[in-house]
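Report on the structure
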Amino acid sequence: MSLEQKHVICRACHAQCGLIVDFKDGKPVATHGNKDNPAYAGFSCSKGRDLQNYHSYPSRLKHSLKKSSGEYVDYEWKTAAKEMAKKIELIISEHGPDSVALYIGTFGYNTFPSHAFALAFMKAIKSQMIFTSVTIDQPGKAITAALHGIWLAGGYRHKEWDGLLVMGSNPLVSMLGGVGANPAKNLHEAKKRGMKLIVIDPRVTETAKQADLHLQCNPGYDGEILACIIRTIIQEDYHDKDFIKKETKGFSDLVKAVQPFTPKKVAEFAGVTEEELVEAARLYGSFKKADISLGTGPNMSGAGNLSEYLGKVIMSLMGHWRREGELKENVGVFVNGFPPIAAGSGSTPATGFGKKLRVRDLEESTAGLPTGALADEILTPGKGQVKALLVLGGNPMLAWPDQIKTFKAMKKLELLACFDPRKTKTGILSDYIIAPKIHYERYSTSAPNELLGNFGNGWGYEDTYGQICDPILDVPEGSNLCEEQEFFYEMAKELGLNLTINSMAFVDPNAASQNQTIIKTDEPFPDPISIWEAILKGSPVSYTEARKDLNSFKGKRFDREPDTIQKRPDDWPGYLNIGHPIMISKLKEIALTFGSSPIADAFPFRLISRRLKDALNSAWHESSSLKKRLPHHPAYINPSDMLQLGINDGDLVEITSERSSIKCKSYSASDVKVGCLAVPHGWGTNPDEEDDPINSGGNTGRLSFNDKNFDPITGIPIMSAIPVKLSKLN
Ligand SMILES: Nc1nc2c(c(=O)[nH]1)N[C@H]1C(S)=C(S)[C@@H](COP(=O)(O)OP(=O)(O)OC[C@H]3O[C@@H](n4cnc5c(=O)[nH]c(N)nc54)[C@H](O)[C@@H]3O)O[C@H]1N2
Ligand SMILES: Nc1nc2c(c(=O)[nH]1)N[C@H]1C(S)=C(S)[C@@H](COP(=O)(O)OP(=O)(O)OC[C@H]3O[C@@H](n4cnc5c(=O)[nH]c(N)nc54)[C@H](O)[C@@H]3O)O[C@H]1N2
Ligand code: SF4
Ligand SMILES: [Mo]
């Protein structure tokens, strides 16, 4: 018997944990954390620990599939690439390049080579119709980065915090939300050091259980709550007047706009008391180096841009940004961050520079093209109608809002192709399912998580951590699996086009496009090392250089000097805008409308989203560990609401919104706020299939409209805090 250990990067979520795989007689038998890994310190989650099984889940495709006379047949991927290229050529010749759209989902992002080549292919065919899951996730972050501006030196990192405010995020489960690569350990250590945690969430989440102060709010009132905290911070004189004067603009407009949000008025609707609101403001006001992290909850419940914006405004009011002369340790390994200057980047427009959609006056924003409107672009006839959709590592049928409309749209396409290791609910509507190599079979780096570190404080890495990983397992015997990047190359080759790869080692898009590599398709497909070199061209540590040290394959701290934050240059024009007119008018709007809900009586409950430890969106549902722990996909309901409606734990319930109904098994959960039910997304059947509340659960996307109550900038509709009614199914 031979035993061996190999290092791997888990790409099952954005966290990209460095893990160890135990091999027995050449077969992977276990995956676990690595206590010597300097960033993850032994961390792994149940999904990572199931990776060795994931490769051989019965649902895993070993061949690509093509739909032929209603049946799927195994298909050689290179033949599929040639056929799809021809079909795309035909569609473009009839309808123009923008009739071909790309949707990059969770696994498209997590796999940089696929991502970079997909973007290059779209550029080569001259289509601007590139959509990602960002605009149905936390698009308020990108809008805020534009309107408020970015503090170039960045915020403090978690080991320095004396305070943290988490709103509508559960980092202990989601691995996002600002507590770093090993959130439980980091939070424990920070709290031991004296850091205080404030959580604002309708659910007593794993993170809320650790809070010094938990405001168990009603969902959908985050803008009001934050405006009230701002009002109190200013009124009670906690703000940093010197920082505000030197580094920000718009203070007086902000002060005026938050006046209506008195603790008394906000407490009337937001499900928290006046005292709690004031206490939260006072506690945050007492912090010296703190952070505010918002998650999907506030971004999906109606005023995401405003909530994200006000979160950053509080940090700017308090001056919770890294200052001149201080050190910045996360100077980058594979990704170049912002320059270490103690100044704001300046406020820039969030829209007005890119592709305009044909529907609902929506257009490209700093968050990208609105995915919430893509179904309409497919269904609306006329010039520019989308006819072909390539789905890279995503699952529109279970993830997009308005499942009923999404279904119609998928059926309407002339070409639908999914790059996915499984036959998903979108896959079963597709013309092609392209089966890729996955996890252990691919080359990867920790760059995707490092890149995320530039979009949220406490996201990414605290310091110069990086890891590289080469394949540790052969593809299954008899399989025919592609690397997605090679698939895009084959399609481009068929069309006689070259591919221009932009470096992904920059947050600045101009710098990224200055670091391009042209992949000539009349030359052989480059080796995987050259591909990663192209993708990380211009990175602080070169990929080739990093490969020379065997420790890079285990995950290590790279030896790079920290930056000293420089003074604002005399002619630097950028300030942080804490009173942006777009946000001030949004504050005025909600000051007039808050508390008024025309459908409150007919739909008295609010369905909120939440994540599950053992699943990742619509993936991992076939995991045996998940099934053991959670045989159904339930609706989590407060026991007092269940009692009132005569629902017993485990009864089937019908959840009805203005749009539609779904069925779920109920689960008595005292951690859920009264009047709410928490139902994870990514489950359920397609609209033309039988409901299956026991095995598949209900799809929360079916309860939302994509074209009502949507954000005018990002197009995100209400995906959390959906008004619903609840009844027991007999
Ligand atoms: N109501 C409601 N809706 C939501 C949300 C919510 O909270 N509430 N959340 C939203 C958010 S935040 C997001 S990000 C979206 C998610 O939206 P999507 O990204 O569209 O959905 P996922 O379920 O993450 O799809 C990932 C797919 O990648 C596949 N996959 C796994 N490994 C690989 C691989 O190695 N290569 C390839 N090519 N594919 C792979 C999986 O099988 C799965 O089908 O959903 C959104 N929808
Ligand atoms: N295990 C696991 N990890 C994941 C994922 C997964 O599916 N499983 N998905 C990944 C993805 S795609 C993403 S985007 C991240 C998301 O990461 P997070 O944003 O941390 O996602 P959640 O854990 O769902 O936390 C959202 C919280 O918002 C609360 N909430 C809902 N509505 C409101 C509201 O109106 N106001 C407030 N204040 N709170 C509200 C919910 O109760 C919930 O606790 O997680 C990623 N990580
Ligand atoms: S947290 Fe994400 S990257 Fe880490 S082991 Fe779990 S699934 Fe893998
Ligand atoms: Mo997401």
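Residues numbered from 1 in each chain as written. Chains lettered and ligands numbered in written order. Predicted model: local features only at pLDDT ≥ 70, side-chain atom pairs only at ≥ 80, totals over all residues. Heavy atoms only, no water.

The subject of this paragraph is the overall build of the protein. Counting its secondary structure elements, the protein contains 25 helices and 32 strands. In summary, the protein has a C-alpha radius of gyration of 25 Å against a globular reference of 27 Å for 730 residues, a match within 12%. If one aligns the C-alpha atoms of the protein with their principal axes, the spans along those axes are about 70 × 65 × 60 Å. Expressed as a percentage of the 730 residues in the protein, the buried residues total 61%. A fraction of 75% describes how many contacts in the protein between residues 6 or more apart in sequence connect residues 24 or more apart. Here the protein has roughly 27,500 Å² of accessible surface; of this, 50% comes from carbon and sulfur atoms. (Helix = DSSP H or I, 4+ residues; strand = E, 2+ residues; numbered from the N terminus. Rg over C-alpha atoms; globule rule 2.2 N^0.38 Å. Buried < 20%, exposed > 50% of the residue type's maximum accessible area, 1.4 Å probe, protein only. Contact = heavy atoms within 4.5 Å. Areas by Shrake-Rupley, 256 points an atom, 1.4 Å probe, with all protein chains shown as cover.)

Turning next to the site of ligand 1. As a matter of local geometry, ligand 1 sits amid 29 residues, with Tyr103, Ala399, Asp420, Glu484 and Ser618 nearest to it. Within the backbone of Gly393, an N or O atom sits 3.4 Å from an oxygen atom of ligand 1. Taking Glu484, its side chain carries an N or O atom lying 2.5 Å from a nitrogen atom of ligand 1. Contact with the protein chains covers 98% of the free accessible surface of ligand 1, which is 920 Å². (Near = heavy atom within 4 Å. Polar contact = N/O pair within 3.5 Å; in protein donor to acceptor, adjacent residues only side chain to side chain.)

In terms of nonpolar packing, the biggest core is built from 63 residues, with Ile200, Ile225, Ile230, Phe261, Tyr284, Ile314 and Leu587 touching the most fellow members. If we skip the residues at most four places from it in the chain, Phe261 touches Glu224, Ala227, Cys228, Arg231, Val266, Leu587, Ile590, Ala591 and Phe594. Residues Ile104, Leu390, Ala447 and Val541 belong to the second largest nonpolar core, which totals 59 residues. (Core = buried A, V, L, I, M, F, W, Y, C linked by side-chain atoms within 4.5 Å.)

The next point concerns helix 4 (residues 112-124). Taking 1.5 Å per residue as the helical rise, helix 4 with its 13 residues ought to reach 18 Å, and the 18 Å between its terminal C-alpha atoms agrees with that figure. Across the 13 residues that make up helix 4, a large majority, 11, are buried. Those residues of helix 4 not exposed but buried are Phe112, Pro113, Ser114, His115, Ala116, Phe117, Ala118, Ala120, Phe121, Met122 and Ala124. Looking one or two residues beyond helix 4, the residue adopting positive phi is Lys126, at roughly 65°. (Expected span 1.5 Å × (residues − 1).)

This model, assessed by the stated rule, comprises 42 salt bridges. In the salt-bridge network here, residues are joined through shared partners; they are Arg360, Asp376, Lys405 and Asp707. (Salt bridge = Lys/Arg side-chain N within 4 Å of Asp/Glu carboxyl O.)

The subject of this paragraph is the sheet that holds strand 31 (residues 676-678). The six strands lie next to each other as 27-31-28-30-29-32, forming a closed barrel whose pairing is mixed. Each strand of the sheet is rotated relative to its neighbour by a mean of 45°, with strand direction disregarded. Here strand 29 (residues 652-657) runs beside strand 32 (residues 722-728); their pairing, made up of five bridges, is antiparallel. By the bridge assignment, Val653 is partnered in strand 32 with Lys728. (Pairing = 2+ DSSP bridges. Axes fitted to C-alpha atoms, helices over the stretch in contact; angles between N-to-C directions.)

With that settled, consider the side chain of Ser618. Its location among the elements puts Ser618 in the loop between strand 27 (605-608) and helix 24 (624-629). In this structure the side chain of Ser618 is engaged in a polar contact, spanning 3.0 Å, whose partner is the side chain of Asn395.

Evaluated as defined, the whole model comprises eight cavities of 30 Å³ or more. Volume-wise, the largest cavity comes out at about 100 Å³. Cys10, Cys13, Cys17, Cys45 and Gly48 are the residues nearest the centre of the largest cavity, which is lined by 13 residues in total. Each residue belonging to the lining of the largest cavity can be placed in one class, and the counts come to nine nonpolar, three polar and one charged. Contributing to the lining of the second largest cavity are 14 residues, with Met175, Gly180, Asn449, Trp459 and Gly460 lying nearest its centre. Of the residues that constitute the lining of the second largest cavity, the class distribution is seven nonpolar, seven polar and no charged. (1 Å grid on protein atoms, 1.4 Å probe; cavity = no way out; pocket = protein on both sides within 12 Å on 5 of 7 lines; lining within 4 Å. Points joined across faces, edges and corners; volume = space filled by probe spheres on them. Nonpolar A, V, L, I, M, F, W, Y, C, P; charged D, E, K, R; others polar.)

Okay, the site of ligand 3 next. All residues in the neighbourhood of ligand 3 are listed as Cys10, Ala12, Cys13, Ala15, Gln16, Cys17, Phe43, Cys45, Lys47, Gly48 and Met175. At a threshold of 2 Å from the grid points, most atoms of ligand 3 map onto the largest cavity. For the shell around ligand 3, a count of residues per class yields eight nonpolar, two polar and one charged. (Sits in = over half its atoms within 2 Å of the grid points.)

Looking now at the packing of helix 14 (residues 304-318) against helix 23 (residues 581-593). As a packed pair, helix 14 and helix 23 sit with axes 10 Å apart at the nearest point and diverge in direction by 115°. Read as a crossing pair, helix 14 and helix 23 show a hand that is left-handed. Every residue of helix 23 that contacts helix 14 at Asn305, Leu306, Tyr309 and Leu310 is listed here: Met583, Lys586, Leu587 and Ile590. (Left-handed = near helix turned anticlockwise from the far one by under 90°.)

With that settled, consider the environment of Pro97. Turning to its location among the elements, Pro97 is positioned in the loop between helix 2 (77-95) and strand 6 (100-104). You can call Pro97 partly exposed: its relative accessible area is 29%. Spatially, the C-alpha atoms of Pro97 and Lys159 are 49 Å apart, while their sequence positions differ by 62 residues. For Pro97, the contacting residues outside a window of four places in its chain are Ile92, Ile125, Lys126 and Ser127.

A few words on the side chain of Asn699. Along the chain, the position of Asn699 falls in the loop between strand 31 and strand 32. A distance of 3.3 Å separates a polar atom in the side chain of Asn699 from the backbone oxygen of Leu398. Not counting chain neighbours up to four residues away, the residues in contact with Asn699 comprise Met397, Leu398, Gln403, Ile662, Trp683 and Gly684.

Taken as a whole, this structure holds 19 aromatic pairs when the rule is applied. The interplanar angle of 80° and the centroid separation of 5.6 Å between the aromatic rings of Tyr40 and Tyr465 together place this pair among those described as edge-to-face. Remark: Tyr465 occurs in strand 20 (residues 465-466) and Tyr40 occurs in the loop between strand 3 (27-33) and helix 1 (51-54); sequence separation between them is 425 residues. A network of ring pairs unites the aromatic residues Trp77, Phe121, Phe419, Phe487 and Phe488 as a single cluster. If you follow Lys708 out to its NZ or CZ, it ends over the ring of Phe705, 4.4 Å from the centre. (Phe/Tyr/Trp six-rings, centres within 6.5 Å; stacked < 30°, edge-to-face > 60°. Lys NZ or Arg CZ within 6 Å of the ring centre and 35° of its normal.)

Turning to the domain arrangement of the protein, a few remarks are in order. Each assigned domain of the protein is listed here: domain 1 (140-346 + 575-587) and domain 2 (597-728). For domain 1 versus domain 2, the separation of C-alpha centres amounts to 28 Å. Across the contact, 20 residues belong to domain 1 and 21 residues belong to domain 2. Where domain 1 meets domain 2, there are one salt bridge. Asp671 is paired through a salt bridge with Arg203; the nearest N and O atoms lie 3.7 Å apart. Taken together, domain 1 and domain 2 are joined by eight residue pairs in polar contact (both at pLDDT 80 or more). (Domains from an automatic or database assignment.)

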